[in-house]
Amino acid sequence: MDVRTLHHGWTLRPVAGDLPPEVRAASDAGPLDAVVPGSVHTDLLAAGLIPDPYAAQHEQELAWLHRTGWEYAHRLTEAAPQPGERVDLQFDGLDTVTTVTLGDVVLGRTQNMHRRHRFDLTPHLGDGPRDLRVRFDSALEHAETVEKDLGRRPRAYDHPFNAVRKMACSFGWDWGPDLQTAGIWRPVTVSRWRTARLAGVRPLATLDGSTGRVAVHVEVERSGLEEAGTLTVGVRVRDLPGRDDLTATLSLDPATTTGVVQVEVPDAPVWWPRGHGDQPLVSVDVDLRAGEDALDALDGRTLRTGFRDVRLDGSADEFGTRSTLVVNGVPVFAKGVNWIPRDHLLTRLDRERYAAALTDAVDAHCNLVRVWGGGIYEDDAFYELCDELGLLVWQDFLLACAAYAEEEPLRSEIEAEARENVARLAHHPALAVWNGGNENLWGHEDWGWKEELGGSTWGLGYYDEVFPAVLAELDPTKVYVPGSPSSPDAPGVHPNDPDHGTHHVWDVWNSEDWTAYRDRVPRFCSEFGFQAPPSAATLAELLVPEQRAKTSPVFLAHQKAQDGNGKLDRGMEPHTGVPEGFADWVWAGQLNQARAITFSVEHFRSWWPRTAGSVYWQLDDCWPSTSWAVVDGAGRRKPGFHALKHAHAPRLLTVQPRDGEDHLVLVNDTALPWTARVGGRVTTLTGRTVRVEDFTVEVAPRSVRSTPLPAALTGFAPATELLTLDASGLRAVQVLAEDRDVAWDPEPLHAAVTAVADGYTVRVHARSAARDVTLLADAVAPDAVVDDGLVTLLAGESRTFHVRTRVRVDPAGFTHRDVLRTANQFGAHR
């Protein structure tokens, strides 16, 4: 097998639609150079023909691209095949509606960006170079045509994203731009091969007690150019700690194209999710030979996998129906984040950017990442990194916030992409859950869809029939749920019932204060979130000084949520008030997001094992926007990131209401017992100790312990006193009044900055109580990363923050009021 990439020598030209004069003039002068993998947007950007789609209000100015057609061309100089040789062309991703031609021959047409497409070139080579062309027609116009043919289906946004198999959020979402990209977005290869090739390799690794098994499912394609003979599939499992490789073979007779090779691994190394153990991976080598004695392999593949068992406990209990992931027999609280594509221009993502993003999840003490259904099946690098890092993956099938027709041409495309991606990802031990779609079951019940549909199909057949059947056939080792939210083990129950299955909380943010999170105890909360503006440096890059206002057109162009700023204002009003100045308003919004995260996640974790997961919406952004993300579109961590990190810590102290009184709840998500020696203090804001009580609490491994607060630590003065509870280097803080009503010292800190090898240290000393001390260091050095934030200091206490940056700056910048922030700035003095 000889495989080479076909990434050089491509050009791009427009073939349909109304173009701006400068683009038309450039195209009249000749085709543009094209980068493959790439997109029309990135090529036009590189040629200087369009502005940065993420900057200013350029997204709106580029709407003309939605209804254009483009042609990629390459002069193919592939030699004619030798006798008995096959030559194939494979596109790993075409976005989205294309016609592929070689010379005058139409090789095929595509309408799904989530699939590979392979074409046999063998009969079309031999007369010298040929022009390979890929014409991309408007995905929007295609979707409009399909919708007209099949009938309109309800959806969350204006464009008919549910009528074409393209990344749904490419058409815009309440956090992302409406760009509608097109292009050859994944690799292109030409393969030359003889006799047979491995058309599919699917290792399924399982764990039964201490015994691991790898069932390697193979599918071969025979060339059809010679008489079929016996084939031999060889499998080698290696990288087994302290032992030799294990091997097995399988013969396929001339009439057989599929088979399974079984390898048993006694005392198998066990893969665990992060926080529960190590993540050993083994390599599985598969080769294909023309008979047992053949010296050279016809084809080969190497994949890495791991031994683990995963199931979902959906049994009934006194509260309703459980929704608990059980890995290797151990119930796991899912400390998760929702994931959207890290860059709307997908071809700019690479392994390094995936690694940086997933490091954010690791640093926030996550053990699960949910790949949301309005995005993409991510690149292999994403899942490989999750395997290595111990991050469980919950993968949505790509249907989101809409009803989906179950007729052609959609049905066969949806099933084909499901089959391809289930097979592609089957070997990953991190992949634990396949989910039928996002909010579609809920939408059908509550969003007026039934009346609009009038009996038309809406996707139920995918969730109840197609996807379960695909998984049963191709990968029964994963958990399947029909939707998020859903109540799969409670027939007849509303899909978003908090007492059953998974639950989404969006009345908080949309209409209720974040204190309403405590109004319910969901079994597994798979979406909840609160917005905040991006980081200071990202705002500085986005907004010129005269645009730095929450009402500026550019700022509003990057706030996609309905009444987003209004909800931010109403959300902060009860807690901090609504500041007038832009910098203070941004900080108030960021602080309020952080408080909402702390409040919600600590509440959910305090109810383990009744609540078995919280998956925050969302980890990341795809462009510079005001959104629910804790890491903004430039990859900078907002203050909310520190809130998520603290709330996800392996051990947690939190004050929670129980039976009409305040309890200290201790969460121990470790394998070791915890003897927590708690130091409780009520102090004045100026540092005078009012009451002290120390006590010890024993917390078993992987458990939660709740104990009433001692009477001496309750009933303190709301505006002038606070409670701190310290144990094992952790601190819980209780203030009985909102910041706006507390007599905080507005300038409580003294800071000293020291240059160190990799940046700076900032030592902060509190003259009086300082709540949620946070260093917005990227306002000084755009690449700055701070080790911690949202730290509450009592009078007389100090804390040193470590700022990593490659930039040398004026150290005084780190002590500026707009950089060294506290909640005190919103106190009763204001």
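Structural data are supplied above this passage.
Our subject in this report is the structure included herewith. Predicted, not measured: the structure shown is a model, and the values here were computed from it.

## Here's the deal with unusual backbone geometry
- The residue after valine 36, namely proline 37, is reached through a cis peptide bond having omega -5 degrees.
- Following tryptophan 617, the chain continues to glutamine 618 via a peptide bond in cis, the omega torsion being 10 degrees.
- In this structure, glutamine 618 sits in the loop between strand S32 (613-616) and helix H16 (639-647).
- Here the phi dihedral of glutamine 180 falls at roughly 55 degrees; this positive angle occurs in a residue that is not glycine.
- Locating glutamine 180 in the fold gives a position in the loop between helix H4 (139-150) and strand S11 (183-184).
- For glutamine 180, a relative accessible area of 6% gives the class buried.
- Located in the positive-phi region is aspartate 563, a residue other than glycine, with phi close to 55 degrees.
- With respect to the element layout, aspartate 563 can be found in the loop between helix H13 (553-557) and helix H14 (564-576).
- A relative accessible area of 42% means that aspartate 563 is categorised as partly exposed.

## Considerations on the environment of proline 476
- Here proline 476 is to be found in the loop between helix H10 (460-474) and strand S29 (479-481).
- Judged by its relative accessible area of 54%, proline 476 falls in the exposed class.
- Sequence separation of proline 476 and valine 284 is 192 residues, and the distance between their C-alpha atoms is 19 Å.
- Leave out the neighbours within four places in its chain, and proline 476 touches Leu204 and Leu471.

## Side note on the pairing of strand S39 (residues 730-734)
- With five bridges joining them, strand S38 (residues 721-727) and S39 adopt antiparallel strand pairing. Residue pairing across strands places alanine 727 opposite leucine 730, the latter belonging to S39.

## With respect to the packing of H14 against helix H15 (residues 582-606)
- Two elements in contact, H14 and H15, have axes separated by 9 Å at closest approach and are oriented at 80 degrees. Between H14 and H15, the angle is such that the two are roughly perpendicular. In this structure, H14 uses Asn565, Leu568, Asp569, Gly571, Met572, His575 and Thr576 to contact H15, whose residues at the interface are Trp585, Ala588, Gly589, Leu591 and Asn592.

## Quick look at the nonpolar core
- In terms of nonpolar packing, the biggest core is built from 134 residues, with Trp173, Trp175, Trp339, Phe382, Phe397, Tyr462 and Phe467 touching the most fellow members.
- Per element, the largest residue contribution to this core is 12 residues, and it comes from H15.
- Apart from the residues lying within four places of it in its own chain, the contact partners of tyrosine 462 are Leu399, Tyr404, Ala405, Glu406, Leu410, Arg411, Ile414, Phe467, Pro468 and Tyr480.
- If you look at the next biggest cluster of nonpolar residues, it comprises 35 residues, including Leu62, Tyr72, Val87 and Phe136.

Basis of the calculations
Residues numbered from 1 in each chain as written. Predicted model: local features only at pLDDT ≥ 70, side-chain atom pairs only at ≥ 80, totals over all residues. Heavy atoms only, no water. Helix = DSSP H or I, 4+ residues; strand = E, 2+ residues; numbered from the N terminus. Buried < 20%, exposed > 50% of the residue type's maximum accessible area, 1.4 Å probe, protein only. Contact = heavy atoms within 4.5 Å. Pairing = 2+ DSSP bridges. Axes fitted to C-alpha atoms, helices over the stretch in contact; angles between N-to-C directions. Parallel < 35°, antiparallel > 145°, perpendicular 65-115°, else oblique. Core = buried A, V, L, I, M, F, W, Y, C linked by side-chain atoms within 4.5 Å.

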